[in-house]
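# A look at the structure
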Amino acid sequence: MVVIGGDQALDSPSGSTSRAGSSVSATASPMHRNTTSQHGGLFVSAPGKIILFGEHAVVYGRTAIAGSIDLRTYVSLYTSADGRIYLSLPDLGVEKTWMLKDLLKAADRLAAEYPIEEDQPPSLEILVPIARKLSGSCEDQCGVQHLAILAFWYLLLGVAHRKRDLLAVKATVRFKLPSCVGLGSSGAYCVCIATSLLQTAGLIPPPSIVADEQGNLTWEEDHLDIIRKWATAAESLIHGRASGLDAAVCTFGSHYRDYGYQSFTHLGYVGCFGGVASFKPGHRIEHLKNLPDLRVILVNSKVERNTARMVQTVKERLKKFPEVVDAMFGSIDAISLDAAKILHRPLLEENGGGDTGSTVQENGLGPFGGNMVEQDHHSLQPTRTASVRSSSLSSYVGGGKRNSSASVISATSEKGENVDTFSKLNDLCRINNQLLIALGVGHPKVDLICTTLARYGIHPKMTGAGGGGSVFAFLKPNTPQTLLDMIDGELRSHGFEVWQPPLGGPGVVEHQTRPELFQTPVSSTQCSTPASKHK
């Protein structure tokens with residue numbers, strides 16, 4: 001990974017607020033925040049996502065099962081007194097500079113001609129043509145670099161339309177999340193940019209809810225929903241028609257939060273590998289509790305794919321064979337619903353209380369929720385963190401006496417249940433993957449991964465848009481490390497990347513200290529370092 005744009009001192013007016021947790025001054029300009037170098041800047045990160053079941057069908061209103069993953073995108077934002085706007089995207093090789101005065105002129109024209117819709121994200125129809133002109137991006141330029149710049153300018157114009165007394169900003173984006181492989185890099189990017197600009201402009205307050213053990217903070221649910229809406233609109237510039245799933249997962253994450261008097265269940269109960277949720281556009285989101293003790297692996301085919309192109313491929317196939325493809329969407333929906341039933345195992349309430357906060361109310365496209373901490377993705381060796389199931393099934397047997405014979409029987413029973421769960425999910429992955437291939441989003445490299453893993457009794461499926469990108473698979477419980485090493489070695493011998501990130505964790509957060517990857521510049525030759533090797 002690369003640091004570009006640097007964090008050298010930028011002389012700008014001192015802020016009227018302190019770091020997160022403080023309130024915005026009612027008299028000072030919202031942009032006059034403590035985001036100068038001497039005050040530490042603003043550091044925001046968001047997770048990636050993995051779709052377990054339901055991609056493409058979710059675009060057409062069907063159900064998907066997804067969760068956040070511990071591969072994050074980071075943004076540092078500083079205000080600048082030199083009248084220039086900076087955007088640095090190291091992994092995309094982008095270094096861009098624009099004049100603040102051009103943004104402010106455009107904002108004045110927007111304010112004069114178009115009223116602001118307070119509860120809605122900025123109008124794509126109005127802002128995109130202006131964003132193209134100011135960013136220097138031509139309409140026929142559709143590469144990921146140009147689309148990322150366009151999304152940045154769309155969000156910047158949206159903020160300037162509402163708060164026209166802006167200072168210039170300098171945004172640097174760094175990735176632990178590989179791009180163009182179906183793991184939500186675009187959604188995480190849009191969430192990070194939207195969050196940093198909205199907070200710097202005072203359109204959302206500083207965060208106040210503790211999100212993880214490091215003391216990083218996240219926002220109240222209504223403010224997270226604002227971020228989600230803006231990020232979803234921005235992401236649609238990159239992917240075309242978007243379900244809203246990626247931005248929702250990257251905003252809310254998927255983890256259970258309980259810090260003293262605050263208790264928020266956004267997406268998933270803290271099971272053995274975090275949180276997963278059922279998502280359907282326009283409906284309530286259901287988090288899946290007490291997940292079975294199963295692990296997953298991710299395999300990067302190293303084939304970059306274009307999500308918008310894959311979405312268009314499915315759209316054209318639907319237009320050509322409407323009844324056939326619609327029936328396939330129905331089958332994928334049924335797979336997602338079956339998977340949700342398998343994964344969701346409601347806990348017995350130890351204190352006799354009911355289930356509170358079991359769903360998150362959908363407003364429009366549908367938010368997610370959550371929490372996560374950084375971990376090592378270097379190998380397939382399973383890891384345990386503090387985020388473990390608070391009560392196993394055995395605690396409800398024999399009065400919770402884990403050393404009793406009843407507890408041993410329960411543990412054996414649970415092991416058998418996990419094997420059965422793996423078998424069912426393994427079959428659903430195989431069926432879902434074949435349906436995705438039938439929709440026209442397969443790739444020979446993905447076929448090779450599937451063939452390789454099938455020899456070990458594992459049936460993976462594409463995650464994300466397909467056409468390359470990443471493949472995930474569930475691992476059979478108690479798979480010996482020697483076998484995992486064999487699988488890892490064989491996949492890597494074909495040139496693939498393999499890692500095992502935890503599922504679930506925090507969504508977008510503001511870091512209270514400078515993230516480590518902003519501490520020391522890294523050589524540009526390392527920008528292609530596999531995500532599995534990032535610590």
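Residues numbered from 1 in each chain as written. Predicted model: local features only at pLDDT ≥ 70, side-chain atom pairs only at ≥ 80, totals over all residues. Heavy atoms only, no water.

To continue, consider the state of the cysteines. Across all of its chains, the model carries 0 disulfides by this definition. With no disulfide partner, Cys250 has as its closest neighbouring cysteine sulfur the one in Cys192, 8.2 Å distant. (Disulfide = S-S within 2.5 Å.)

Chain-level statistics for the protein give a pLDDT mean of 75 and a share of 70% at 70 or above. Per-element confidence in the protein is highest for strand β19 (residues 509-510), whose mean pLDDT is 96, and lowest for strand β10 (residues 262-265), whose mean pLDDT is 28. Below a pLDDT of 50 lies the segment residues 348-404, which in the model reaches 179 contacts outside its immediate sequence neighbourhood of four places, other chains included. Residue range residues 522-535 is modelled with pLDDT below 50. Its contacts to residues more than four positions away, or to other chains, number 36 contacts. (pLDDT = per-residue confidence, 0-100. Helix = DSSP H or I, 4+ residues; strand = E, 2+ residues; numbered from the N terminus. Contact = heavy atoms within 4.5 Å.)

Moving on, we come to the packing of aromatic side chains. One pass over the structure, following the stated rule, counts 7 aromatic pairs. With 6.5 Å between their ring centres and 20° between their planes, Phe53 and Phe474 make a pair best called stacked. One end of the pair, Phe53, is in strand β1 (residues 42-53); the other, Phe474, is in strand β16 (residues 470-475), with 421 residues separating them in the sequence. For the pair Phe53 and Phe474, a shared accessibility class is recorded, and that class is buried. Between Phe472 and Phe474, the aromatic rings sit 5.3 Å apart at their centres with planes inclined by 80°, giving edge-to-face as the arrangement. Overall, Phe472 belongs to the buried group, its relative accessible area being 0%. Classification of Phe474 as buried rests on a relative accessible area of 1%. Grouped by ring-pair contacts, the aromatic residues Phe43, Tyr78 and Phe518 constitute a single cluster. When the ring centre of Phe518 is taken as reference, the NZ or CZ atom of Arg174 above it lies at 5.9 Å. (Phe/Tyr/Trp six-rings, centres within 6.5 Å; stacked < 30°, edge-to-face > 60°. Buried < 20%, exposed > 50% of the residue type's maximum accessible area, 1.4 Å probe, protein only. Lys NZ or Arg CZ within 6 Å of the ring centre and 35° of its normal.)

What follows covers the side chain of Ser80. For Ser80, the location among the structural elements is in strand β2 (residues 64-80). Taking the relative accessible area as the measure of exposure, Ser80 reaches 3% and is therefore buried.

Okay, unusual backbone geometry next. At His56, a residue that is not glycine, the phi angle is positive and equals roughly 70°. Along the chain, the position of His56 falls in the loop between β1 and β2. Exposure remark for His56: the relative accessible area of 6% places this residue in the buried category. Residues other than glycine seldom take positive phi values, yet Asn478 does so here, at roughly 60°. Structurally, Asn478 is set in the loop between β16 and α11 (481-493). Given the relative accessible area of 56%, Asn478 is considered exposed.

What follows concerns a positive patch on the surface. Positive charge collects at one region of the surface, where Lys101, Lys105, Arg109 and Lys133 lie side by side. Per-element tally for the positive patch: the top contributor is helix α1 (residues 100-113), with 3 residues. Mapping Lys101 onto the fold places it in helix α1. (Patch = residues over 30% accessible without salt bridge, like charges linked within 9 Å, V, L, I, M, F, W, Y side chains within 5 Å. Areas by Shrake-Rupley, 256 points an atom, 1.4 Å probe, with all protein chains shown as cover. Salt bridge = Lys/Arg side-chain N within 4 Å of Asp/Glu carboxyl O. Lys, Arg positive; Asp, Glu negative; His and termini not counted. Charge placed at Lys NZ, Arg CZ, Asp CG, Glu CD.)

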